[in-house]
Amino acid sequence: MTVLITGASGGIGYELAKFFARDHHNLVLVARSVDKLSQVATELQAHGITVKTIALDLAAPPAPKFLFDQLQREGITVDILVNNAAFGAYGEFAQMPEEEILGQIDLNITALTALTRLFLPSMIARRSGRILNVASTAAFQPGPLMAVYYASKAYVLSFSEAIANELRHSGVTVTCFCPGATHTGFAKRAGVESSRLFKLVGAMSADKVALGGYRAVMEGRTLAISGAHNWLVAQSTRFAPRKMVTAISRWIAEKVS
Ligand SMILES: NC(=O)c1ccc[n+]([C@@H]2O[C@H](COP(=O)([O-])OP(=O)(O)OC[C@H]3O[C@@H](n4cnc5c(N)ncnc54)[C@H](OP(=O)(O)O)[C@@H]3O)[C@@H](O)[C@H]2O)c1
C-alpha cells in the first residue's frame, strides 16, 4: 500500500504520515522544503517502510501533472491520496496582494482538484482506493478577513461530498476531513496567531487532529470534523441566520492584544 501525502513536511500532514508509517504503509511525501522532507523521510524509514520525497510547489500549475507522471514512470501505484497542503492568508480581500489570493486558490483548490482527477481513474479501475481531502471547519461558514481561505475550504467540502456520492459503488472512498484550530505552522503563515480563534477558543494538538483524519479515511467516512466542540459549531451554523453566522465568524477572526 502506498500513500501520497501533500504538505507532509510539517503540521497535520507530517502527523498523518506518522500514523500511516506506523501501520506500515509506504509513503510518497510532497512539500516545497527539501530539507524538512528528507528529515521526515529519515525518521519514518525507521518503521521499515519505503519513503519517497518529492519537493514541489503544488501551487504552480504543472506540478500536479509532473508529480503524477513521475510516479507513473517509476511504477508507483498510489492507493491512498491525501490532499492536505494548503495555506491561509489574513486581511481584507480588497487589500490582499493578488498573489496571496490566487496562491490560495491555486494550492487549496486547483492542485487538490487536479491531483484527485489524475489519481482517481486508476483507483476506479482497481475498484480500490481512498482519498482524504483536508478541508477545515472554515468550510461551514463565510470568513470575513479570510474570505478566500474560507471559500476555498467550502469548495473542498462541497467537491468532496459530491464526488463521494458519485463514487459510492466504485470501491473508492472520498473523505473530507475538517480540523478546527490546530497547533501547526499554519497560524503563523496566515498571520492569525493573535486572532480570537487561536487566543480565546484555543487550538488542538496536530497529532490528535491527525489521528481523527487517519481513522476517518481508513473507515471510509465521507465527512469527519475534528473535536466535539468543532462539530457543535459546524452544526450550529446550519440553523442560525447567515448574516449572524458571518458576523460571529468575523468576531472570531479578529485579532486581540
Ligand atoms: N492548523 C490549523 O489551524 C488548521 C485548521 C483547519 C484546517 N487546516 C488545514 O490542515 C491542512 C494542513 O495544515 P497545517 O496546519 O498542517 O499547515 P502547515 O503547518 O502550514 O503545513 C502546511 C504543509 O503544506 C506544505 N505546503 C505549503 N505550501 C505548499 C505548496 N505551495 N506546495 C507544496 N506544499 C506546500 C508545507 O510545506 P512547505 O512549506 O515545505 O511547502 C507544509 O508541509 C491544510 O489543508 C489546512 O488548511 C489547518
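Residues numbered from 1 in each chain as written. Predicted model: local features only at pLDDT ≥ 70, side-chain atom pairs only at ≥ 80, totals over all residues. Heavy atoms only, no water.

A. Looking closely at the overall build of the protein. What the protein contains, in helices and strands, is 10 helices and 9 strands. For a compact globule of 257 residues, the expected C-alpha radius of gyration is about 18 Å, and the protein comes in at 18 Å, within 12% of that figure. When the 257 residues of the protein are sorted by exposure, 50% land in the buried category. Sequence separation of 24 or more characterises 70% of the internal contacts of the protein that already satisfy a separation of 6 or more. Within the structure as shown, the protein displays about 12,200 Å² of accessible surface, and the carbon and sulfur contribution to it stands at 56%. Within the protein, the 19 negative side-chain charges are centred at a point lying 6 Å from the centre of the 25 positive side-chain charges. (Helix = DSSP H or I, 4+ residues; strand = E, 2+ residues; numbered from the N terminus. Rg over C-alpha atoms; globule rule 2.2 N^0.38 Å. Buried < 20%, exposed > 50% of the residue type's maximum accessible area, 1.4 Å probe, protein only. Contact = heavy atoms within 4.5 Å. Areas by Shrake-Rupley, 256 points an atom, 1.4 Å probe, with all protein chains shown as cover. Lys, Arg positive; Asp, Glu negative; His and termini not counted. Charge placed at Lys NZ, Arg CZ, Asp CG, Glu CD.)

B. Broad picture of empty space enclosed by the protein. Per the counting criterion, the structure on display carries 1 cavity of 30 Å³ or more. The calculated volume of the largest cavity comes to roughly 40 Å³. Lining of the largest cavity is provided by Thr 6, Leu 58, Asn 83, Asn 84, Ala 85, Leu 107, Ala 111, Leu 112 and Leu 115. The greatest single-element share of the lining of the largest cavity, amounting to 4 residues, is contributed by helix 4 (residues 98-126). Broken down by class, the residue content of the lining of the largest cavity amounts to 6 nonpolar, 3 polar and no charged. (1 Å grid on protein atoms, 1.4 Å probe; cavity = no way out; pocket = protein on both sides within 12 Å on 5 of 7 lines; lining within 4 Å. Points joined across faces, edges and corners; volume = space filled by probe spheres on them. Nonpolar A, V, L, I, M, F, W, Y, C, P; charged D, E, K, R; others polar.)

C. Summary view of the pairing of strand 6 (residues 172-178). Most of strand 6 sits inside the fold, with 6 of its 7 residues counted as buried. Note: strand 5 (residues 129-134) against strand 6, 6 bridges, orientation parallel. Following the sheet pairing, Gly 129 is matched in strand 6 by Val 172. Read from strand 5 through helix 5 (residues 147-166) to strand 6, the crossover connection turns out right-handed. Note that strand 6 and strand 9 (residues 223-225) share 3 bridges and pair parallel. The partner of Phe 177 across the bridge, within strand 9, is Ala 224. (Pairing = 2+ DSSP bridges. Right-handed = clockwise from strand over helix to strand, strands pointing away.)

D. Representation of the sheet that holds strand 5 in the model. Ordered by their spatial adjacency, 7 strands build an open sheet running 3-2-1-4-5-6-9, and the pairing between neighbours is parallel. The open sheet is flanked by strand 3 (51-55) and strand 9, the only strands paired with a single partner. Between one strand axis and the next, the sheet turns by 15 degrees as a mean value, whatever way the strands run. Here helix 3 (residues 63-73) sits on the sheet in contact with strand 1 (2-6), strand 2 (26-31) and strand 3, set at roughly 145 degrees to strand 3. (Axes fitted to C-alpha atoms, helices over the stretch in contact; angles between N-to-C directions.)

E. Here's a closer look at the site of the ligand. Neighbouring the ligand are 30 residues; Arg 32, Ser 33, Asn 84, Tyr 149 and Thr 184 lie closest to it. Here a nitrogen atom of the ligand and a backbone polar atom of Leu 56 are 3.5 Å apart. Take Thr 184: an N or O atom from its side chain is 2.6 Å from an oxygen atom of the ligand. Isolated, the ligand exposes 880 Å² of accessible area, and the fraction of that covered by the protein chains is 92%. Broken down by secondary-structure element, the contributors of at least two residues to the shell around the ligand are helix 1 (11-22) and helix 5. A breakdown of the residues in the shell around the ligand according to their chemical character gives 16 nonpolar, 11 polar and 3 charged. (Near = heavy atom within 4 Å. Polar contact = N/O pair within 3.5 Å; in protein donor to acceptor, adjacent residues only side chain to side chain.)

Scope: geometric values only; no functional claims are made or implied.
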